[in-house]
Amino acid sequence: MRPPPLSACVAAVDYGYPWAEALTGFKFRADPGWADSLALLLRSTPWAEPLLDAADVVVPVPLAPARLRERGFNQAALLARALAPHKTESRALLRLRHAEAQSTLSRAGRLRNLEGAFAVDPARAGRLAGKRIVLVDDVMTTGATLHAAAAVLQAAGAGEVGALVVARTA
């Protein structure tokens, strides 16, 4: 049996009022101004600061190119840069293909949907070898996205992989 791909996952808040509305505005209504405030919320969460301090590299969960064009920004990348600008590697992890929105799928469907969705950029793989990495995303539901991303990073030689998310659904 393999150990879970994430060594730790820290969430600042439960995905409920008022956070659900704030994150929806941040992500879907083109309001990237939330990034600094949400990063401050994350940094003030117990265990988040030590996780960031111990990280060698901070990697935002990437969007598929089509979704990035549609949205105009990657909310996870904005959060990562606000959290740790000098450690953030926004192009280390690639989203290879557009997938159905995770929010509409069951856990099993989410896992299938993410098979082969991520890859490490070969030009940046050397910077990740043996490193402590923190993945950053806005919301964690089942953990399928973070687990898929962490597994790809570990397969490419990364050391320990943890995660920070603003909100966690119940």
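Note that this is a predicted model, so its numbers are computed, not measured.

Undergrad: It is not clear to me how the overall build of the protein chain should be interpreted in this structure. Could you clarify?
TA: Tallying secondary structure elements over the protein chain gives 7 helices and 6 strands in all. Reading the protein chain from its N terminus to its C terminus gives the helix and strand order β-α-α-α-β-α-α-β-α-β-β-α-β. Taking 170 residues into account, the globule formula puts the C-alpha radius of gyration at 15 Å, and the protein chain, at 15 Å, falls close to it. Expressed as lengths along the three principal axes of its C-alpha atoms, the size of the protein chain is roughly 40 × 35 × 30 Å.

Undergrad: Would you mind showing me how to read helix α5 (residues 75–83) here?
TA: Residues spaced three or four apart along an α-helix face the same direction, because each turn holds 3.6 residues. Every buried residue of α5 is accounted for by Q75, A76, A77, L79, A80 and L83. Here α5 starts with a cap whose side-chain oxygen sits 2.9 Å from the backbone nitrogen of A76, and that cap is N74.

Undergrad: Explanation requested: the sheet that holds strand β5 (residues 133–140) in the structure shown.
TA: Two orientations exist for strands paired in a sheet by backbone hydrogen bonds: parallel and antiparallel. Strand order in the open sheet made by the 4 strands is β1-β6-β5-β2, with parallel pairing throughout. Unpaired on one side and paired on the other, β1 (9–14) and β2 (57–60) mark the two borders of the sheet. Taken pair by pair, the neighbouring strands of this sheet meet at an average axis angle of 20°, ignoring direction. As judged from the 7 bridges shared by β5 and strand β6 (residues 161–168), these two strands associate in the parallel manner. Residue pairing across strands places D137 opposite V165, the latter belonging to β6. Strands β2, β5 and β6 of the sheet are contacted by α5, whose axis makes an angle of about 130° with β5. On top of the sheet, helix α7 (residues 144–155) reaches β1, β5 and β6; it is set at about 165° to β5, its chief contact.

Undergrad: Whenever I open this one, the pairing of β2 confuses me. Can you help?
TA: Regular strands show a simple pattern: their side chains alternate between the two faces of the sheet. Of the two faces of β2, the one lined by V57 and V59 and the one lined by V58 and P60 are each fully buried. Alignment of β2 against β5, held across 4 bridges, turns out to be parallel. Looking at β5, one finds that V59 is bridged to L135.

Undergrad: What am I meant to see in the side chain of T169 here?
TA: The topology assignment puts T169 in the segment after β6. Filtering out sequence-adjacent residues up to four positions away, T169 remains in contact with Y15, V139, M140 and T141.

Thresholds applied
- Residues numbered from 1 in each chain as written.
- Predicted model: local features only at pLDDT ≥ 70, side-chain atom pairs only at ≥ 80, totals over all residues.
- Heavy atoms only, no water.
- Helix = DSSP H or I, 4+ residues; strand = E, 2+ residues; numbered from the N terminus.
- Rg over C-alpha atoms; globule rule 2.2 N^0.38 Å.
- Buried < 20%, exposed > 50% of the residue type's maximum accessible area, 1.4 Å probe, protein only.
- Polar contact = N/O pair within 3.5 Å; in protein donor to acceptor, adjacent residues only side chain to side chain.
- Pairing = 2+ DSSP bridges.
- Axes fitted to C-alpha atoms, helices over the stretch in contact; angles between N-to-C directions.
- Contact = heavy atoms within 4.5 Å.

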